[in-house]
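As a plain string of letters, each chain reads:
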Amino acid sequence: MINESAQLAEAVIDLSAIAENVRTIAAIARTRLMAVVKADAFGHGAVPVARAALAAGADWLGVTSATEAVALRSAGIDAPVLSWLHRPDEDFTRLIAADVDIAVSTLTHLRAIADAATDLGVPAAVQLKADVGLSRNGAGGDEWPELVAWARKHEAEGSVRVRGVWSHLTNADVPGCPSIARQLSTFREALRIARDAGLDPEVVHLANSAAALAAPETRFDLCRIGLAMYGIDPSGAAGPRRLGLRPAMTLRSRVINLKRVPAGTGVSYGPDHVTDRPTTLALLPLGYADGLSRTAEGRAWVWLAGRRCPIVGRIAMDQCVVDVGDLPVSLGDPVVVFGPGAEPGSPDPAEPTAAEWARWAGTNPHEVLTGIGARVARVHLHGEAATS
């Protein structure tokens with residue numbers, strides 16, 4: 001049990017929001033879902049989020065590394081898991097033994113996996129990744145037919161089982177972008193080549209969160225849901241929750257110092273900010289080591305004393321300063337850095353959202369969520385109010 005009084009800051013995770021978002025996306029996509037819980041579930045906690053997503057109807061889990069995949073298995077989670085980034089000289093036996101699907105993009109990886117499976121005497125479940133334009137992982141051009149042919153050979157020999165064929169879109173977060181159609185055509189051709197070679201994948205997937213919600217032609221057997229599952233519109237909307245998604249994370253802290261200062265007072269390093277009037281400055285024990293980007297300086301706000309108040313001066317490693325004017329603020333008062341935001345259609349102001357923080361920092365919400373530091377305690381709730 002977490003002693004809340006001992007925490008300088010908390011990231012409160014509403015698992016009921018995760019579950020609700022999974023059900024919302026499933027109703028839109030009408031296909032199976034892979035809950036992406038890489039990077040400790042975007043900073044939300046991989047194991048509790050995985051359990052909440054599976055209970056709400058997700059069929060698969062997606063992670064980046066063997067370490068993440070094995071951690072899920074060690075927690076007793078036996079749902080299908082796909083892991084997709086690996087060194088070519090990695091010990092693949094632990095993934096094979098844990099019944100984790102391994103994404104394959106190169107012949108070098110495929111051969112290493114096949115050799116590990118042969119040593120274990122157990123076929124490895126693999127999913128072949130095609131590069132349809134992202135130019136990151138995945139096989140493209142002449143590499144794809146060769147990878148497919150060798151995968152079929154290893155499958156015939158019994159060392160691998162090709163369970164899936166998949167890829168990743170470059171900009172599905174731009175609805176209607178012409179590149180989506182081009183990449184879809186490339187993916188269909190890659191799938192044709194795989195099937196003509198004799199492969200019969202159980203799962204075919206291309207759509208991420210944005211495509212799952214807005215590009216039905218990309219959904220195939222399975223959609224991988226990341227940002228949307230955590231309650232943020234992947235198309236970039238920062239205002240009302242138009243899709244019915246509910247942000248799951250609330251970052252909150254407390255005021256630990258107050259200063260009444262005159263006009264002309266410098267604030268934090270530099271100083272980059274000088275007060276233009278007598279005001280009260282509230283100190284928060286959160287800084288860039290905790291995930292508050294320094295690039296948000298001069299633009300970021302928090303929720304304190306029933307209204308939005310600006311962060312002023314440079315954000316330091318461990319702390320930041322908020323101008324609260326003449327508001328009745330006391331030591332220990334709660335502060336919400338970001339949270340669910342306003343309900344759709346509500347005229348009332350509300351706390352900032354992670355999407356707004358992303359805009360202030362000049363980045364994406366993924367970086368805001370995954371950037372919340374390890375010393376910020378995670379508190380997992382099952383339906384309780386997260387912003388109290």
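Model, not experiment: these values are computed from the prediction.

Visitor: Help me understand the overall build of the chain, please; the structure alone is not making it clear to me.
Guide: Along the chain, the regular secondary structure elements total 11 helices and 19 strands. Here the C-alpha radius of gyration of the chain, 24 Å, is about what a compact globule of 388 residues would show, namely 21 Å. If one aligns the C-alpha atoms of the chain with their principal axes, the spans along those axes are about 80 × 45 × 40 Å. Counting across all 388 residues of the chain, residues that qualify as buried make up 52%.

Visitor: What's the story with the side chain of His86 in this structure? I'm lost.
Guide: With respect to the helices and strands, His86 occurs in the loop between strand S4 (81-83) and helix H5 (93-97). One polar contact links His86 to Ser83, side chain to side chain, over a distance of 2.8 Å.

Visitor: So what exactly am I meant to see when it comes to the nonpolar core here?
Guide: Considering soluble globular proteins, one finds that nonpolar side chains tend to be buried as a cluster. With 122 residues, the main nonpolar core has Val37, Leu128, Trp144, Met229, Phe338 and Trp357 as its most contacted residues. If one sorts the elements of this core by residue count, helix H1 (residues 15-29) sits on top with seven residues. Contact partners of Met229, with chain neighbours within four places excluded, come to Ile18, Asn21, Val22, Ile25, Ala35, Val36, Val37, Val49 and Ala53. Membership of the second largest hydrophobic core comes to six residues, among which are Val261, Val267, Leu283 and Val321.

Visitor: What is the right way to look at the pairing of strand S15 (residues 301-304) in this model?
Guide: By the bridge criterion, four bridges tie S15 to strand S16 (residues 307-312) in an arrangement that is antiparallel. Bridging from a neighbouring strand, Trp303 pairs with Arg308 of S16. Connecting S15 to the antiparallel partner S16 that follows it, the hairpin turn spans two residues, and Ala305 within it adopts a positive phi of roughly 55 degrees. When S15 meets strand S18 (residues 334-338), the two strands line up antiparallel, connected through two bridges. Each bridged residue has a counterpart across the sheet, and for Trp303 the counterpart in S18 is Val336.

Visitor: I'm lost on the packing of H1 against helix H3 (residues 46-55) in this one. Help?
Guide: Relative placement of two packed helices is described by the angle separating their axes and the distance separating the axes. Packing of H1 against H3 leaves a shortest axis separation of 8 Å and a crossing angle of 40 degrees. Accordingly, the angle class assigned to the pair H1 and H3 is oblique. Where H1 crosses over H3, the handedness of that crossing is right-handed. Side by side, H1 and H3 meet where Leu15, Ile18, Ala19 and Val22 of the first sit next to Pro48, Val49, Ala52 and Ala53 of the second. Within the contact of H1 with H3, the residues separate by chemical class into eight nonpolar, no polar and no charged.

Visitor: For this particular structure, what's the right way to read the sheet that holds S15?
Guide: Note: strands within a sheet are paired through backbone hydrogen bonds, in either parallel or antiparallel orientation. The nine strands are arranged S11-S14-S17-S16-S15-S18-S10-S1-S19 in an open sheet whose pairing can be described as mixed. Taken across any chain shown, the strands that pair with only one partner, and hence form the sheet edges, are strand S11 (257-261) and strand S19 (377-381). The sheet shows a mean angle of 35 degrees between the axes of neighbouring strands, direction not considered.

Visitor: Would you take a moment to explain the packing of helix H6 (residues 107-120) against helix H7 (residues 143-157) for this structure?
Guide: Axis separation between H6 and H7 bottoms out at 10 Å; the angle between their running directions is 10 degrees. It follows that H6 is roughly parallel to H7 by the angle criterion. Along its contact with H6, which presents Leu107, Leu110, Arg111 and Ala114, the element H7 presents Glu146, Leu147, Trp150, Ala151 and His154. In terms of residue class, the contact of H6 with H7 is built from six nonpolar, one polar and two charged.

Visitor: Looking at this structure, how should I read unusual backbone geometry?
Guide: Note the cis peptide between Gly270 and Pro271, where omega equals -10 degrees. Among the secondary structure elements, Pro271 is positioned in the loop between strand S12 (266-267) and strand S13 (273-274). Its identity is not glycine, yet Ala41 carries a phi of approximately 55 degrees, on the positive side. Structurally, Ala41 is set in helix H2 (residues 38-42). Classification of Ala41 by relative accessible area gives buried; the value is 0%. One non-glycine residue, Ser268, adopts positive backbone phi at about 65 degrees.

Visitor: What should I look at first to understand helix H10 (residues 354-361) in this one?
Guide: In an α-helix, one turn spans 3.6 residues; hence positions three or four apart end up facing the same way. H10 sits mainly inside the fold: seven of its eight residues count as buried. Buried within H10 are the following residues: Ala354, Ala355, Glu356, Trp357, Ala358, Trp360 and Ala361. Packing partners of the buried residues in H10 comprise S15, S16, S18 and helix H11 (365-370). Once H10 finishes, Gly362 follows within two positions and takes phi at roughly 70 degrees, a positive value.

Visitor: Got a minute to help me understand the pairing of S18 in this structure?
Guide: The two faces of a sheet get side chains in turn, since along a regular strand they alternate between them. By the criterion of burial, S18 is predominantly enclosed, with four of the five residues buried. By the bridge criterion, four bridges tie strand S10 (residues 249-254) to S18 in an arrangement that is antiparallel. Residue Arg254 lies in a different strand from S18, and its bridge partner there is Pro334.

Visitor: Before we go on, may I ask you to explain helix H4 (residues 66-74) in this structure?
Guide: For H4, the set of buried residues is Ala66, Ala69, Leu72 and Arg73. Within H4, the buried residues cover an arc of 125 degrees as seen down the axis, which keeps them to one side. Of the exposed residues in H4, the ones pointing more than 90 degrees away from its buried face are Thr67 and Ser74. Where the residues of H4 are buried, they touch H3, strand S3 (60-63), S4 and H5. Backbone geometry just downstream of H4 places Gly76 in the positive-phi region, at approximately 90 degrees.

The rules behind each value
Numbers given for residues are sequential positions, taken from 1 along each chain in its written order. With pLDDT at 70 or above as the cut-off, local features in this predicted model cover only qualifying residues; side-chain atom pairs require 80 or more to be listed or tallied, and sums for whole chains, interfaces and linings still use all residues. Here the side-chain values reflect all heavy atoms present in the structure, with hydrogen atoms and water set aside. A run of DSSP states H or I qualifies as a helix once it reaches four residues; a run of E qualifies as a strand once it reaches two. Both are numbered from the N-terminal end. C-alpha atoms define the radius of gyration, and 2.2 Å times the number of residues to the power 0.38 defines the globule rule. To sort residues, take the accessible area from a 1.4 Å probe on protein chains only and compare it with the maximum for the residue type: under 20% means buried, over 50% means exposed, and anything in between is partly exposed. Counted as a polar contact is a pair of N or O atoms within 3.5 Å, where, for protein atoms, one must be capable of donating a hydrogen and the other of accepting one, and residues adjacent in sequence contribute only when both atoms are in side chains. Among buried residues, the Ala, Val, Leu, Ile, Met, Phe, Trp, Tyr and Cys ones that are joined through side-chain atoms within 4.5 Å form a nonpolar core. Contact criterion: two residues are considered in contact whenever any of their non-hydrogen atoms come within 4.5 Å of each other. Here, a strand pair is defined by DSSP locating no fewer than two bridges between the strands. For helices, the fitted axis covers only the stretch in contact; all axes are lines through C-alpha atoms, and the angles between them, taken along N-to-C directions, range from 0 to 180 degrees. Angle categories are assigned with fixed cut-offs, so that under 35 degrees is roughly parallel, over 145 is roughly antiparallel, 65 to 115 is roughly perpendicular, and the rest are oblique. Crossings are classed by handedness, with left-handed meaning an anticlockwise turn of the near helix from the far one by less than a right angle and right-handed meaning a clockwise turn. Amino acids outside the nonpolar list (Ala, Val, Leu, Ile, Met, Phe, Trp, Tyr, Cys, Pro) and the charged list (Asp, Glu, Lys, Arg) are all regarded as polar, and Gly is one of them. Directions pointing from the helix axis toward each C-beta atom define the arc.

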